[in-house]
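# Residue-level structural notes
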Amino acid sequence: MLARSSFRNSKRFFGTRMVPKQTQLFIGGEWVNSANGDTFETINPYTEEPITSVQRASVEDVDRAVDAARNAFDHGPWRRMSGTERGDLLFKLAELIKKNGEELAHLEALDNGKPITLAKIVDVSNSYLTYKYYAGFANKFVGDTISAPGDFHAYTRKEPVGVAAQIIPWNVPMLMQAWKLAPALAAGCTVVMKTAEQTPLSALRVGELIKEAGFPDGVVNILSGFGEDAGAHLVRHPGVDKVAFTGSTEVGLDIMRNSSTSGLKRVTLELGGKSPFIICEDANIEESIQQANFSLFFNSGQVCIAASRLFVHEKIYDEFAEKSAKLASKAVLGNGLDPNTTQGPQISKEQQNKIWGYIQKGKQEGASCLTGGEEYEGKGFFVKPTVFADVQDDMTIAKEEIFGPVMQILKFSDYEDVIKRANNTDYGLGAGVITNDIGRAFHLTNGLRAGTVFVNCYDIFDPTLPFGGYKNSGLGRENGLEGLENYLETKTVIMSRPEGSLP
Amino acid sequence: MLGKTFMQKTTRSFGSRAVPKQTQLFIDGQWCNSVKGGTFETIDPFTEEPITQVQRASREDVDKAVLAARIAFDHGPWRRMSATDRGNLLYRLGELVEKNAEELAYLEALDNGKPVSVAKAADLPLTWNTYKYYGGWANKITGDTIPAPGNFHAYTRREPVGVAAQIIPWNFPLLMQAWKLGPALAAGCTVVMKTAEQTPLSALKIAELIKEAGFPDGVVNILSGFGEDAGAYLSTHSDVDKVAFTGSTAVGLQIMRNSSLGGLKRVTLELGGKSANIICEDADVDMAVQQSHLGLFFNQGQCCIAGSRLFVHDKIYDEFAEKSAKFASEAKLGDSQDAATTQGPQVSKEQQDTVWGYIEKGKKEGATLLAGGEKYDGKGYFVKPTVFADVQDDMTIAKEEIFGPVMQIMKFSDYDDVIDRANRSEYGLGAGVVTKDIGRAFHLTNGLRAGTVYVNCYDVFDPTLPFGGYKNSGIGRENGPQGLDNYLETKTVIMSRPDGSLP
């Protein structure tokens, strides 16, 4: 790609911006333009300027890609490769990602706005670990032989489900791509992936690495494009067996309704959240402040599992609220490429406006604004870190997902009651608990209806740990063995064996 | 099973034999001489000359090594490493083995006598794939959370069992080392390994790679030495938690009896075999001749699972016996370093004599000699490939493990009877079936009391496939997730949780 010296320049002088090379669609192992020649711009959220134009997948391109994936699955060499061989390709991909980590982190920070230090430690590193984890699983998922009654040799086989349509979001682009591609490929599926229109770039670079690693043509196809045309067409396509989507609850419910328009598809969804974080009376306040700050403001608040409802025990409430506000105000807003930045811009003007709308609602509905709360002046889609206290359960900011750096602090005194209040939501993605009391830890953990519960920590992600939501936060789990099962179909085989043969 | 690498002609003239570099003991990450200063020679079975002297481990060295492994387990960084990190070290080792495959194959062929072309095509790929396979398992070992009755949070943890004493044989030195180290290290154990006195060299090169890969000191310790002193002492050492042995049934039974002298040890054993290979009436005779030839003569007949009792249906018996003898006599005996060699020498004079003794018994007891049967004239511990027909079940050569290139062909006509005859053995390691008939396949497969049953194939080995014996052929299974179980201890944890918390 770009010579190494240019990258060093970008690190030191963060005004320099490299132009990404890969902007086309990746279909059938080839880089191609869109069928109708359409392109779109991807914006740098710091400068508000376009980074580059990329090809925009049309409905015809989706058809082409699904055909390629279908063909690769039904007739290509992929289906006849052993799990060990598939795993070896995933290892190669992981190593290539590690090798190209600097460049990938740079691309991610450029396109998404996030601090490059985080992109390196979190996004690139976790992607590498995810591909490596599933590489190891490819030759380890097994069926069972079963002692069924009667003269039968009975067993289950785990087979790949087929062509998977995968739609990923813009908040953690590379990692979301890894969470989807890795298990699908380990299972032996082929993939058509549509990336988020806000962040097409890093996925295309990974597409180049996929080709370099040696995956057969058509096994992975990557389309840059928009949800309303390409995405919608993809999830309804009759050539697709499986749909996996990460994004807003609204679009997820839409996909759920529309996916079966042309045949029954297996659907898994990772949607929004309004996760409660319960800070108990015995919590160490200094540690809790840090945890709570991290759990909400990480990635500029653009995390599905963000702890956006802080339930703080009345005994420590005042001190907690004051200190949280103080810590939040210390954020250093700036260019993602600048290593001093702790909070980057939001992804787009649209998001910035939306979050600002919530901040205004918060003020209107009577929450106490302890810090932030003024519109950001200057270039870049920034939102100043904002902390609201005295938030009531029925306020808009306590109910709706803001997806921005806006913290809500609510008060509680009774543990049974706080479990009820925490569960009183359509969401159920995550929850947090801070306490040293072992009994209280189990009481809360077992009572909270959420897919991941963190105790005395938050935002611990690893390919070994299953992740997903209760209720409207989603369907199914990603990561761990569960993540693999999303891409497998079980075939039960019952063979008659002769009378007289032993059971 | 045979690796993808085709048999390469060696450019090295087989007259040159490089002297291996590493001859010391590997204890606590250091190379050292034996405490008592003893050494022993390892002999080249082709030239009958010593290759080099290696250090001979005495009881004092065993004490040193066990202490190092104990401290590494109890206090070292190994116990606190994440499973992912352990897995990464194993991957690294797998990569290093692959990188150094030429040298390792050469060493293996030199020390053991097997053709270097086979070492390159089979032993080496299987070895690195085993390390890679278990590298992938490390962070996938899970316990369960359990819905026990009562107010409890109950779960199992799988913990490494501790210090493992591992004693490996001379027939597949590198591979046997990998089958033992792979799962033990993936599980988090530390290891003291005693190699076979006939073949100490390749394991020492692996120790260099283990150090290069970055395993902490003391995690793997490798001792060259003899069973009667070092091996016996190691397997009864009070600081050893687990003993894993591959070798003869006689020694295995002894280890079983003595292992608890210094405290209760978990013992797994891979011992001898006298595996039945049943060629049915509908078999394609030419295919069956190939299958059974591989099944017996592979590795100079020095394979625990060798198909050494060929039960051939009377309808095809004569054709089969004649073709088998012809095929066997086509073997090219020679120097392992010569690419044209298909059969190398036996590993030692002792083995050559033992095998010869069985050939004489076979002739004496009245079996019909169809091929071979004369003593080999010339340098090298060769035994000419020998085929006996009209073998009766009660002959010595039909009952005892020969471990050499001597084939026994026996006749049968009834399928239920042949199952009984096949099972009438103290052994139960493997079995083979050649038939196209699906019902017959299940009838025989389900009836045969053997740890691995091959149908229309033989000697298919892979780290994914559990391997081990019924009856006197062993206890436990290696490979697959079962291989891990040998090195894990289950801890059940039951935590009380408060009344009122949900189950």
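If you're wondering where the values come from, they're calculated on a predicted model, not measured in any experiment.

Procedures and definitions
The residue numbers shown here count from 1 along each chain, following its written sequence. Throughout, the order in which chains and ligands are written sets their labels, letters from A for the former and numbers from 1 for the latter. Local features in a predicted model are, by the rule used here, given only for residues with pLDDT of at least 70; side-chain atom pairs are given and counted only at 80 or more, and totals for whole chains, interfaces and linings are based on all residues. Note that the side-chain values use all heavy atoms of the structure and ignore hydrogens as well as water. The numbering of helices and of strands both runs from the N terminus, where a helix is a DSSP run of H or I of at least 4 residues and a strand a run of E of at least 2. For this measure, only C-alpha atoms enter the radius of gyration; the expected value for a globule follows 2.2 Å times N^0.38, where N is the number of residues. Residues are treated as being in contact if the distance between any of their heavy atoms lies within 4.5 Å. Exposure was quantified through the Shrake-Rupley algorithm and a 1.4 Å probe, taking into account, for residues, occlusion by the shown protein chains and nothing else. Neither His nor the chain ends is counted toward charge; the positive residues are Lys and Arg and the negative residues Asp and Glu. To locate a charge, the coordinates of NZ of Lys, CZ of Arg, CG of Asp or CD of Glu are taken. For the exposure calls, accessible area comes from a 1.4 Å probe over protein chains only, and a residue counts as buried if that area is under 20% of its type's maximum, exposed if over 50%, partly exposed in between. Arc, as used here, means the arc of the directions from the helix axis to the C-beta atoms. UniProt positions are given in the numbering used here, feature names are shortened, and annotations may be inferred rather than shown by experiment. Aromatic contacts are taken between Phe, Tyr and Trp rings whose centres are within 6.5 Å, Trp giving its six-membered ring; a plane angle under 30 degrees counts as stacked, one over 60 as edge-to-face, and the others as tilted. Note on definitions: buried area is the accessible-area loss of two parts on being combined, 1.4 Å probe, summed for both. Each salt bridge in this description consists of a side-chain nitrogen of Lys or Arg and a carboxyl oxygen of Asp or Glu lying within 4 Å of one another. Between N or O atoms, a polar contact is any pair within 3.5 Å; within protein, one atom must be a potential hydrogen donor and the other a potential acceptor, and residues adjacent in sequence are included only when both atoms are from side chains. Here, nonpolar core refers to any group of buried Ala, Val, Leu, Ile, Met, Phe, Trp, Tyr and Cys residues whose side-chain atoms link them within 4.5 Å. Only residues whose relative accessible area exceeds 30% and that form no salt bridge enter a patch; like-charged residues are grouped when within 9 Å of one another, and nonpolar side chains (Val, Leu, Ile, Met, Phe, Trp, Tyr) when within 5 Å. Domain delimitation in this document rests on an assignment produced automatically or drawn from a domain database. Here the term charged refers only to Asp, Glu, Lys and Arg, the term nonpolar to Ala, Val, Leu, Ile, Met, Phe, Trp, Tyr, Cys and Pro, and the term polar to all other amino acids, Gly among them.

Across its full length, chain B carries 15 helices and 20 strands. Against the globule reference of 23 Å for 503 residues, chain B gives a C-alpha radius of gyration of 24 Å, in line with a compact fold. In terms of overall dimensions, chain B has C-alpha extents of about 75 × 60 × 40 Å along its principal axes. Within chain B, residue pairs in contact and separated by at least 24 positions form 76% of the contacts whose partners lie at least 6 positions apart. As displayed, chain B offers around 19,100 Å² of accessible surface, 51% of which is attributable to carbon and sulfur atoms. If the 53 positive side-chain charges of chain B are averaged to one point and the 62 negative ones to another, these points end up 3 Å apart.

The next thing to look at is helix 8 (residues 249–258) of chain B. All names here are of chain B. Among the residues of helix 8, those classed as buried are Thr249, Gly252 and Ile255. For helix 8, the buried positions fall inside an angular range of 120 degrees around the axis, keeping them on one side. Summarising the geometry of helix 8, the exposed residues directed more than 90 degrees from the buried face are Ala250 and Arg257. Structurally, helix 8 contributes buried residues whose contacts are with strand 7 (163–167), helix 7 (227–236), strand 10 (242–246) and strand 11 (266–270).

Residues and elements named next belong to chain A. Per the UniProt annotation, the sites labelled "active site" (unreviewed entry) are Glu270. Its location among the elements puts Glu270 in strand 11 (residues 266–270). Using a relative accessible area of 5% as the deciding quantity, one classes Glu270 as buried. Glu270 has contacts with Phe245, Thr246, Gly247, Leu429, Phe467, Gly468, Ser473, Gly476, Arg477 and Glu478, leaving out every residue within four places of it along the chain.

Our next topic: the environment of B:Asn479. Residue and element names in this part refer to chain B. In this fold, Asn479 is placed in the loop between strand 19 (474–475) and helix 15 (480–485). The class of Asn479 is buried, set by a relative accessible area of 1%. In this structure the C-alpha to C-alpha distance between Asn479 and Pro183, which are 296 residues apart in sequence, comes to 7.8 Å. Apart from residues no more than four positions distant in its own chain, Asn479 is found in contact with Tyr134, Trp179, Asp462, Pro463, Leu465, Pro466 and Phe467.

Two numbers describe a pair of aromatic rings. These are the distance of the centres and the angle of the planes. Residues and elements named next belong to chain A. Counted by the stated rule, this structure contains 30 aromatic pairs over all chains. On the basis of an interplanar angle of 45 degrees and a centroid distance of 4.9 Å, the ring pair of Tyr376 and Phe382 is categorised as tilted. Under the relative-accessibility criterion, Tyr376 is labelled partly exposed at 26%. One aromatic cluster is present, formed by Tyr46, Tyr376 and Phe382 through successive ring pairs.

Let us now look at the interface of chain A and chain B. Tallying the contact residues gives 27 residues for chain A and 26 residues for chain B. Interface area for chain A against chain B, summed over the two sides, is near 2,200 Å², with a carbon-plus-sulfur share of 66%. Considering only the side of chain A, the residues that lose the most area to chain B are A:Lys140, A:Phe442 and A:Asn446, jointly responsible for 25% of the buried surface there. The tally of links from chain A across to chain B stands at one salt bridge. Here A:Asp88 makes a salt bridge to B:Lys132, at a shortest N to O gap of 3.2 Å. Here chain A is connected to chain B by six residue pairs in polar contact (both at pLDDT 80 or more).

The sites that UniProt annotates as "domain: Aldehyde dehydrogenase" (unreviewed entry) are residues 32–493 of chain B. Between the end C-alpha atoms of residues 32–493 of chain B the distance is 43 Å, and the span holds 40% helix and 19% strand.

On to the nonpolar core. Residue and element names in this part refer to chain A. In terms of nonpolar packing, the biggest core is built from 98 residues, with Ile97, Tyr131, Phe215, Ile279, Leu310 and Ile409 touching the most fellow members. No other element matches the eleven residues that helix 6 (residues 173–187) contributes to this core. In this structure Ile279 touches Ser288, Leu310, Phe311, Val312, His313, Ile316, Phe320, Phe412 and Ile434, once residues within four positions along its chain are discounted.

A few words now on a negative patch on the surface. Where like charges cluster on the molecular surface, the negative patch consists of B:Glu365, B:Asp394, B:Glu400 and B:Glu426. Tracing the backbone shows B:Glu365 in the loop between helix 11 (349–364) and strand 14 (368–371).

We now examine the domain arrangement of chain B. Residues and elements named next belong to chain B. Partitioning chain B into domains gives domain 1 (2–9 + 16–271) and domain 2 (276–455). Taking the mean C-alpha position of each, domain 1 and domain 2 sit 31 Å from one another. Across the boundary between the two partners, domain 1 contributes 28 residues, which contact 28 residues of domain 2. Here domain 1 and domain 2 share an interface that buries about 2,200 Å² over both sides, 58% of which is from carbon and sulfur atoms. Considering only the surface of domain 1 that becomes buried against domain 2, Phe46, Glu48 and Trp170 emerge as the three largest contributors, covering 25% of it. Counting across the interface, domain 1 meets domain 2 through one salt bridge. For Glu49, the salt bridge identified is with Lys379, shortest N-O distance 3.7 Å. At the boundary of domain 1 and domain 2, one finds eight residue pairs in polar contact (both at pLDDT 80 or more). Elements supplying a minimum of two residues to the side of domain 1 that touches domain 2: helix 3 (101–112) and helix 4 (116–137). A per-element tally of the side of domain 1 that touches domain 2 places helix 3 first, with five residues. Here the side of domain 1 that touches domain 2 is composed, by residue class, of twelve nonpolar, nine polar and seven charged.

What follows covers the UniProt feature "domain: Aldehyde dehydrogenase" (unreviewed entry) in chain A. Using the residue numbers shown here, the UniProt feature "domain: Aldehyde dehydrogenase" (unreviewed entry) corresponds to residues 31–493 of chain A. For residues 31–493 of chain A, the helix share is 40%, the strand share is 19%, and the end-to-end C-alpha distance is 41 Å.

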